[in-house]
Amino acid sequence: MYSQIQLLADLLLSYVWCVLWTFFIVYFASFAGIPFPAEPEESYPSVSLQGIIFIVFAGPFLENCVLTGLIHQLRKKITTDGPVIIICGFVAGGLHSIVYVGWGVTTFLSFALMTRLYLRYRHRKGFVAALLLHILLNVSSILPMLI
């Protein structure tokens, strides 16, 4: 199996890819004149302690439980990892785009990489790896509201 160092390296590399993807999408959207929710002139909403707990811990845990269920259902019909990763990314991105289309585009890669981590490390380690990536991304997204 994979070592702890390899898991940490995969986690950090996935995090960097997600951050770069998000910056690219936001830059492209601003270049194209598409407004994003976090425009500089908009003030960030205040976040309560309960909101932080939900955004950082409860939300990712619940979403990863749903993601894990989707992965297991897809693996019954699809034996290769690639299509499962893409489908999970599209489903999660689509669900997030209900709130805002740009959010769905930026979360596609995040959930595809979470699915990849889950499939690579399987079962409990995979769930923890995907959950840690999800928590890191959510902490990054609320940092401007905390500072």
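Everything discussed here concerns the structure shown above.
Residues numbered from 1 in each chain as written. Predicted model: local features only at pLDDT ≥ 70, side-chain atom pairs only at ≥ 80, totals over all residues. Heavy atoms only, no water.

Here we look at the overall build of the protein
Put simply, the test is: Counting from the N terminus, the helices are the DSSP runs of H or I reaching at least four residues and the strands are the DSSP runs of E reaching at least two. Taken over C-alpha atoms, the radius of gyration is set against a globule rule of 2.2 Å times the number of residues to the power 0.38. Note on classification: 1.4 Å probe, protein chains only; a residue is buried when its accessible area is under 20% of the maximum for its type, exposed when over 50%, partly exposed between these limits. Note on contacts: a residue pair qualifies if any of its non-hydrogen atoms lie within 4.5 Å across the two residues. Accessible surface area values rest on a Shrake-Rupley calculation with a 1.4 Å probe, where residue burial reflects the displayed protein chains alone. Under this rule, positive means Lys or Arg and negative means Asp or Glu; His and the chain ends count for nothing. Charge positions are represented by NZ for Lys, CZ for Arg, CG for Asp and CD for Glu.
Helix and strand counts for the protein come out as five helices and zero strands. Expected size for 147 residues packed as a compact globule is a radius of gyration near 15 Å; at 16 Å, the protein falls within 12% of this value. Dimensions of the protein, computed from the C-alpha atoms along their principal axes, are close to 45 × 30 × 25 Å. Taken over 147 residues, the protein has a buried fraction of 34%. In the protein, 65% of the contacts between residues at least 6 apart in sequence involve partners at least 24 apart. Here the protein displays about 9,100 Å² of accessible surface, and carbon together with sulfur accounts for 74% of that area. For the protein, the distance from the average position of its 8 positive side-chain charges to the average position of its 6 negative side-chain charges is 24 Å.

Brief notes about the side chain of Thr 106
Inclusion rule: Side-chain atoms alone can form a polar contact between residues adjacent in sequence; in general such a contact is a pair of N or O atoms within 3.5 Å, and within protein one must be able to donate a hydrogen while the other accepts it.
Structurally, the position occupied by Thr 106 is in helix α4 (residues 101-121). Here Trp 103 takes part through its backbone oxygen, which lies 3.0 Å from a polar atom of the side chain of Thr 106.

Structural notes on the state of the cysteines
Each disulfide is one covalent bond, formed between the sulfur atoms of two cysteines. Quick reminder of the rule: Disulfide assignment relies on a single distance test, namely cysteine sulfur atoms paired within 2.5 Å.
Within this structure, the stated rule accounts for zero disulfides. Between Cys 65, a cysteine without a disulfide, and Cys 88, which holds the nearest cysteine sulfur, the sulfur-to-sulfur distance is 14 Å. Looking at Cys 88, the relative accessible area reads 0%, which means it is buried.

Quick word on a nonpolar patch on the surface
Defined as follows: For patch detection, residues must exceed 30% relative accessible area and be free of salt bridges, and they are connected within 9 Å for like charges or within 5 Å for nonpolar side chains (Val, Leu, Ile, Met, Phe, Trp, Tyr). Salt bridge criterion: a side-chain nitrogen from Lys or Arg within 4 Å of a carboxyl oxygen from Asp or Glu.
Taken together, the side chains of Leu 13, Val 16, Trp 17 and Leu 20 define a hydrophobic patch exposed on the protein surface, amounting to about 410 Å² of accessible area. Structurally, Leu 13 is set in helix α1 (residues 4-32).

Some points on the packing of aromatic side chains
Here is the rule we go by: Between rings of Phe, Tyr and Trp, where Trp is taken as its six-membered ring, a pair exists when centres lie within 6.5 Å; planes separated by under 30 degrees are stacked, by over 60 edge-to-face, and by other angles tilted.
Counting across every chain of the model gives four aromatic pairs. Judged by centre distance (5.8 Å) and plane angle (85°), the ring pair of Phe 61 and Phe 127 falls under edge-to-face. Placement of the pair is Phe 61 in helix α2 (residues 49-77) and Phe 127 in helix α5 (residues 123-146), with a sequence separation of 66 residues. The exposure class assigned to Phe 127 is buried, which follows from its relative accessible area of 17%.

Examining the nonpolar core
The test is simple: Throughout this description, the term nonpolar core refers to a set of buried Ala, Val, Leu, Ile, Met, Phe, Trp, Tyr and Cys residues connected via side-chain atoms within 4.5 Å.
Formed by 29 residues in total, the largest nonpolar core has its most connected members in Ile 71, Met 114 and Leu 133. For this core, the secondary structure elements donating two or more residues are α1, α2, α3 (81-96), α4 and α5. The dominant element in this core, judged by the number of residues it contributes, is α4, at ten residues. Beyond its immediate sequence surroundings of up to four residues, Leu 133 is in contact with Leu 11, Ser 14, Tyr 15, Ser 110, Leu 113, Met 114 and Leu 117.

In short, shape yes, function no, at least from these values alone.
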